[in-house]
Structure formats: C-alpha cells, structure tokens
Amino acid sequence: MEYEVGKPRFKLALSYTIGWIILNIWLIMAILFVDEDNTRYFIASIFLFILLCAIFISIPGISYCQLMWKVNSQQLKYTYHSTMIDKICSFFVHIFKTHKIDYQISINMDQIDYINVQYVKLPKPPFGAYGFDIMFHVHTYDGSVFSFQSLVTKDRESFNDAVDFMKKQGIYFVDKYNILGELKKDIPISYYLERLEKDND
C-alpha cells in the first residue's frame, strides 16, 4: 500500500496562466493598434517576452507551490525545493520525462524513532491574514530531524489515511495538542488552533 498527500496543482496553474495570457494579448493588441510610434513593436516584443517568461515560470511555480509527500511500508518521502529553479526543473522532468512526482527527501520507515506533530502560525497571502500550518518533525534513531508541512491539501481523507497507515506500521506520533484527533472532525482545524492560541495566551 502507498498513500499520497498533495498533488501538483496543474488546473490552478493553467487558470492563472490563461488569465495572464489574455491580459497580455489585450495589452499587445492595444499597443499595436493605438500607438502609431515606431517603438510600438519594441514595446510589444517586451510584453511578448514577459508573457513567455510567465508561461515558463508561473505554470511550474504554481503547480509545485505546495509540498507533497507519500508513504509506504518502506519509506516516507516528501518534496523539497529550495529555489524556484528547483521547482521549474522538477515540473519539466515530471511532464516530459518521468511522468511522476520526484520526491527529493526519503526516510526509511525502520529508521524513524517518532514524529512530533506541531503547528506554526504564519501570515497568509494575499491579505496578510494569519493561518496555521501543520508540521511533522520526523526524529530518526541517528538523531536527525526532518521537518515538513504535512497538511498540504483540503482533502483530509488522504492525510488521515496516511497517518493511520503509519500508525499501523508502528510509527509513534507525539501529538501534544491532539491535532491528529481534531483533523478527524468535520470542522476547520483553524478554529481549534485559534482557540488553543487564546487559551495559551
């Protein structure tokens, strides 16, 4: 058995990019038909260059904007992209070569001591409101700690199934705030964490 949490957001990336393409085409046409100066072609070429950059940067960037992880009886894996170039490379390798997600970090299940479940409060774009990320801190027997954002999708079922599977494999979770239990309820986890924040103040 293998459980995947999070997927590339291809549809979201395409919708944003199509909107950007339509806007740029409109701007290019406006320049060509309104501006009678000889510089209009130069300006239009600049917009076209920006358009091409947006296509080759925005689609990979948005598609791989969230972390993805999976687990089986042998390994726990998750994606890690330190730069936008890493995301772009992973995207094109996925599309044109391997046709599957490339997980950069792999941890053998028999090397995991325990997983500490925590949360972090972070500002969320575009309006700067605060939200919460659920984090897994994976402690291994050699003393290493691997940290990643674990709840990366609104589909809690895939997350809960993956966690339940790891528990059946003997992985111990340190869940001080009972986050895993709350994620099985049909209410936004942010409500629970906000109450938790107020109680701790």
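Data block above holds the structure.
Note that this is a predicted model, so its numbers are computed, not measured.

The rules behind each value
- Residues numbered from 1 in each chain as written.
- Predicted model: local features only at pLDDT ≥ 70, side-chain atom pairs only at ≥ 80, totals over all residues.
- Heavy atoms only, no water.
- Helix = DSSP H or I, 4+ residues; strand = E, 2+ residues; numbered from the N terminus.
- Buried < 20%, exposed > 50% of the residue type's maximum accessible area, 1.4 Å probe, protein only.
- Contact = heavy atoms within 4.5 Å.
- Expected span 1.5 Å × (residues − 1).
- 1 Å grid on protein atoms, 1.4 Å probe; cavity = no way out; pocket = protein on both sides within 12 Å on 5 of 7 lines; lining within 4 Å.
- Points joined across faces, edges and corners; volume = space filled by probe spheres on them.
- Nonpolar A, V, L, I, M, F, W, Y, C, P; charged D, E, K, R; others polar.
- Core = buried A, V, L, I, M, F, W, Y, C linked by side-chain atoms within 4.5 Å.
- Pairing = 2+ DSSP bridges.
- Axes fitted to C-alpha atoms, helices over the stretch in contact; angles between N-to-C directions.
- Salt bridge = Lys/Arg side-chain N within 4 Å of Asp/Glu carboxyl O.

Caption draft 1: Examining the side chain of threonine 79 more closely. Along the chain, threonine 79 falls in the loop between β3 (75-78) and α3 (84-98). Judged by its relative accessible area of 3%, threonine 79 falls in the buried class. Each residue touching threonine 79, except ones within four places of it in the same chain, is listed here: Gln66, Leu67, Met68, Ile101, Asp102, Tyr103 and Gln104.

Caption draft 2: Summary view of helix α4 (residues 156-168). A rise of 1.5 Å per residue sets the reference length of α4, with its 13 residues, at 18 Å; its end C-alpha atoms lie 18 Å apart and thus fit the reference within 8%. Arg156, Ser158, Phe159, Asn160, Ala162, Val163, Phe165 and Met166 are the residues of α4 that are buried. Of the residues flanking the end of α4, it is glycine 170, one or two places downstream, whose phi is positive at about 95°.

Caption draft 3: Local environment of empty space enclosed by the protein. Counted under the stated rule, the structure contains one cavity of 30 Å³ or more. Lining the largest cavity, in full, are Asn160, Val163, Asp164, Lys167, Leu180 and Lys184. Ranked by residues supplied to the lining of the largest cavity, first place goes to α4 with four residues. Class assignment for the residues of the lining of the largest cavity results in two nonpolar, one polar and three charged.

Caption draft 4: Structural view of the nonpolar core. Of all hydrophobic cores here, the largest spans 34 residues; its most connected members are Trp69, Phe136 and Met166. Looking at this core, the elements that each hand over two or more residues are β2 (69-72), β3, β5 (112-124), β6 (129-140), α4, α5 (179-182) and α6 (189-200). It is α4 that provides the largest number of residues to this core, a total of five residues. Here methionine 166 is in contact with Trp69, Val71, Leu76, Met109, Ile115, Phe136, Ile171 and Phe173, once residues within four sequence places are set aside.

Caption draft 5: Expanded view of the sheet that holds β3. Overall, antiparallel pairing links the four strands, which are arranged β1-β2-β3-β4 in an open sheet. Two strands bound the open sheet, and with one partner strand each, they are β1 (2-5) and β4 (105-108). Taken over all neighbouring pairs, the strand axes of this sheet differ in orientation by 15° on average, direction set aside. Bridge analysis of β3 against β4 gives four bridges, and the strand direction is antiparallel. Its bridge partner lying in β4, tyrosine 78 is registered against isoleucine 105.

Caption draft 6: Seen up close, the pattern of salt bridges. The full count for this structure, using the stated rule, is three salt bridges. Glutamate 2 is paired through a salt bridge with lysine 70; the nearest N and O atoms lie 3.6 Å apart. With glutamate 2 in strand β1 and lysine 70 in strand β2, this pair connects stretches of sequence that are 68 residues apart. Glutamate 182 is the salt-bridge partner of lysine 185, the closest N and O atoms lying 3.1 Å from each other. By relative accessible area, which is 44% here, lysine 185 ends up partly exposed. Glutamate 182 gets classed as buried once you look at its relative accessible area, which sits at 7%.

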